[in-house]
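Survey of secondary and tertiary structure
Here is how the chains run, residue by residue.
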Amino acid sequence: MTLPPRTYPEGVYLFDHHQAHLLEENRTCCLTLFAQWGFDMVIFPMVDYADSLVIGHDPLLSKDTFQFTDPLSNEFIGIRADITPQAVKLDAHRVQMYDTPDAVYRCCYADMTLQAKPIHWKQGRQIMQVGAELFGVATIDADIEIAQLILTLLKQLKITNPTFDVGHIGFYKRISHALNINQQDKDKLFCLLQNKRIAELELLLQQLSIADEHKKLIERLPYATGSGADALAEIRTLVALLSDKTLSEDLSTILDATEYFLTALEDYVKHMDYPVNVHVDLCETCGYQYKTGLLFAVYHHAVNQPLALGGRYDNSMYGVTRPATGFSSNLHLLTELQQIQADTHT
């Protein structure tokens with residue numbers, strides 16, 4: 001259905017009856033699967049207090065959130081750009097209300113979000129976000145469960161041949177903590193690694209006063225990518241040679257966790273008989289910056305945006321410290337990819 005330009009604000013769309021039917025069908029499919037896995041469906045308010053719509057001090061998420069003064073209460077409120085912060089708020093409220101700091105809680109959602117500026121211009125600003133969050137489990141088993149749920153969902157939606165990228169934000173954060181440089185330079189390093197701008201990265205490292213062993217390790221991070229644990233072999237060797245043994249042990253622990261996760265994921269893919277390219281990339285940092293550990297992104301060659309983003313985001317908010325992991329996905333994008341693949345097959 002084509003409407004004249006400026007019928008709606010930029011990045012905001014109407015879905016005709018055919019598109020709406022497909023979206024609702026897929027939304028029901030997602031929520032049914034989540035319920036089967038033990039996740040409770042929640043409908044969060046579209047508008048919330050502005051500080052409830054950001055986890056920690058994530059500048060990207062804060063910038064994406066519409067914020068304004070409520071004419072009724074004069075409180076500073078906002079329209080959510082991401083539902084995960086509202087799930088964090090709900091979990092903290094449950095912990096305080098029932099005095100259950102160690103309780104495991106699973107929740108899921110499928111609802112609209114609105115971004116002040118879209119992360120990906122093609123997807124627009126209005127997104128049907130589906131996702132699941134798991135609170136109260138600090139072990140890697142929770143991250144594996146979320147990753148398996150993503151793959152099961154994609155298979156159920158008949159999304160074929162996705163690529164599942166695995167990273168660990170803790171690796172760079174731990175190296176960064178050991179570097180005696182200012183925050184601005186740390187942010188530059190992070191940006192260059194994230195975007196694999198290797199020439200600029202090498203130039204910046206030459207200009208910074210940091211140990212040669214740290215420079216060499218950071219220089220090789222963009223190359224720590226590929227299928228299976230072998231992709232991490234060179235990085236593991238460099239980590240073992242670090243003179244700071246505490247740093248070496250910490251980074252080795254992160255590499256061990258990443259390899260364990262990869263193995264578990266590859267075993268699950270074989271068990272479910274679903275063609276997936278499982279890929280490790282220590283520079284994989286896609287998504288908002290509140291992630292704290294293992295993280296993952298799912299891609300497909302037919303679209304230029306992530307199909308799903310997830311990972312660990314242990315947090316201390318509302319007076320409660322909780323381990324947490326989860327994922328979210330753009331249902332519009334999944335539905336669009338379904339149609340692309342259906343058209344290709346016909």
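Up top is the structure.
A brief structural summary. Since the model is a prediction, treat every value here as computed from it, not as a measurement.

The next subject is the overall build of the protein chain. Within the protein chain, the secondary structure is distributed over 11 helices and 14 strands. For the protein chain, the residues scored as buried account for 53% of the 346 residues in total. Taking the intrachain contacts of the protein chain between residues at least 6 apart in sequence as the baseline, contacts between residues at least 24 apart amount to 70%. Across the protein chain, the centroid of the 27 positively charged side chains sits 3 Å from that of the 43 negatively charged ones.

What follows deals with the packing of aromatic side chains. In the structure shown here, the tally under the stated rule is 7 aromatic pairs. With a centroid separation of 5.6 Å and an interplanar angle of 35°, the aromatic rings of Phe164 and Phe296 are classed as tilted. With Phe164 in strand E7 (residues 163-168) and Phe296 in strand E10 (residues 294-299), this residue pair connects regions lying 132 residues apart in the sequence. The class for Phe164 is buried, based on a relative accessible area of 0%. Of the residues examined, Phe296 reaches a relative accessible area of 2% and is grouped as buried. Through pairs of rings, three or more aromatic residues link up here, namely Tyr105, Phe135 and Tyr313.

Across the sheet, which stays open at both edges, the 3 strands sit in the order E2-E4-E3 with antiparallel pairing between neighbours. Whereas interior strands pair on both sides, the edge strands pair on one side only; in this sheet they are strand E2 (47-49) and strand E3 (66-69). The average angle at which neighbouring strand axes cross in this sheet is 35°, direction not considered.

Here we come to the side chain of Thr152. Looking at the secondary structure, you find Thr152 in helix H4 (residues 140-156). Every residue in contact with Thr152, bar those within four places of it in the chain, is listed here: Leu33, Trp37, Tyr268 and Met272.

It is worth spelling out the sheet that holds strand E1 (residues 40-41) at this point. If you trace the 9 strands from one edge of the open sheet to the other, you get E1-E5-E6-E14-E11-E10-E7-E9-E8, paired in mixed fashion. Each edge of the open sheet is held by one strand with a lone partner, namely E1 and strand E8 (225-226). Looking at chain direction, E8 and strand E9 (residues 277-281) are connected through 2 bridges and run antiparallel. Directly across from Gly226, in E9, lies its bridge partner Val280.

Right, let's get into the pairing of strand E14 (residues 324-330). Where burial is concerned, most of E14 is hidden: 7 out of the 7 residues are buried. Neither face of E14 is left uncovered, since the one carrying Ala324, Gly326, Ser328 and Asn330 and the one carrying Thr325, Phe327 and Ser329 both have all their residues buried. Bridge count for strand E6 (residues 126-135) against E14 is 7 bridges, and the pairing is antiparallel. Bridged to Phe135 within E14 is Ala324. Of the pairings in the sheet, the one linking strand E11 (residues 308-312) to E14 comprises 5 bridges and is antiparallel in character. Looking at the pairing, Gly310 lines up with Phe327 of E14.

Turning our attention to the packing of helix H5 (residues 169-178) against helix H6 (residues 183-194). Direction vectors running N to C along H5 and H6 enclose 150°, while the axes themselves pass 11 Å from each other. Relative to H6, H5 is oriented roughly antiparallel. Classified by chirality, the crossing of H6 by H5 is right-handed. Contacts between H5 and H6 involve Ile169, Tyr172, Ser176 and His177 from the first element and Lys186, Leu189, Phe190 and Leu193 from the second. Its residues assigned to classes, the contact of H5 with H6 shows 5 nonpolar, 2 polar and 1 charged.

What follows deals with the packing of H4 against helix H10 (residues 245-272). Close contact between H4 and H10 brings their axes to 10 Å; oriented N to C, the two are set at 35°. Relative to H10, the crossing made by H4 is right-handed. Note on element contacts: H10 touches H4 through Ala257, Tyr260, Phe261, Ala264, Leu265, Tyr268, Val269 and Met272, opposite Ile140, Asp141, Asp143, Ile144, Ala147, Gln148, Leu151, Thr152 and Lys155. Looking at the contact of H4 with H10, its residues break down into 12 nonpolar, 2 polar and 3 charged.

This part is about unusual backbone geometry. One non-glycine residue, Asp99, adopts positive backbone phi at about 55°. The residue Asp99 is located in the loop between helix H3 (84-98) and strand E5 (105-114) in this model. Residue Asp99 is classed as exposed on the basis of its relative accessible area of 64%. One non-glycine residue, Asn161, adopts positive backbone phi at about 55°. With respect to the secondary-structure elements, Asn161 resides in the loop between H4 and E7.

Below, the discussion takes up the nonpolar core. Core analysis: the largest hydrophobic core is formed by 82 residues, its most contacted members being Phe164, Phe171, Leu189 and Phe261. It is H10 that provides the largest number of residues to this core, a total of 11 residues. Those residues in contact with Leu189, other than ones at most four positions away along the chain, are Tyr172, Leu179, Ile181, Leu201, Leu204, Leu205, Leu208 and Ile218. Phe44, Ala81, Cys107 and Phe135 belong to the second largest nonpolar core, which has 17 residues in total.

What counts and what doesn't
- Residues numbered from 1 in each chain as written.
- Predicted model: local features only at pLDDT ≥ 70, side-chain atom pairs only at ≥ 80, totals over all residues.
- Heavy atoms only, no water.
- Helix = DSSP H or I, 4+ residues; strand = E, 2+ residues; numbered from the N terminus.
- Buried < 20%, exposed > 50% of the residue type's maximum accessible area, 1.4 Å probe, protein only.
- Contact = heavy atoms within 4.5 Å.
- Lys, Arg positive; Asp, Glu negative; His and termini not counted.
- Charge placed at Lys NZ, Arg CZ, Asp CG, Glu CD.
- Phe/Tyr/Trp six-rings, centres within 6.5 Å; stacked < 30°, edge-to-face > 60°.
- Pairing = 2+ DSSP bridges.
- Axes fitted to C-alpha atoms, helices over the stretch in contact; angles between N-to-C directions.
- Parallel < 35°, antiparallel > 145°, perpendicular 65-115°, else oblique.
- Left-handed = near helix turned anticlockwise from the far one by under 90°.
- Nonpolar A, V, L, I, M, F, W, Y, C, P; charged D, E, K, R; others polar.
- Core = buried A, V, L, I, M, F, W, Y, C linked by side-chain atoms within 4.5 Å.

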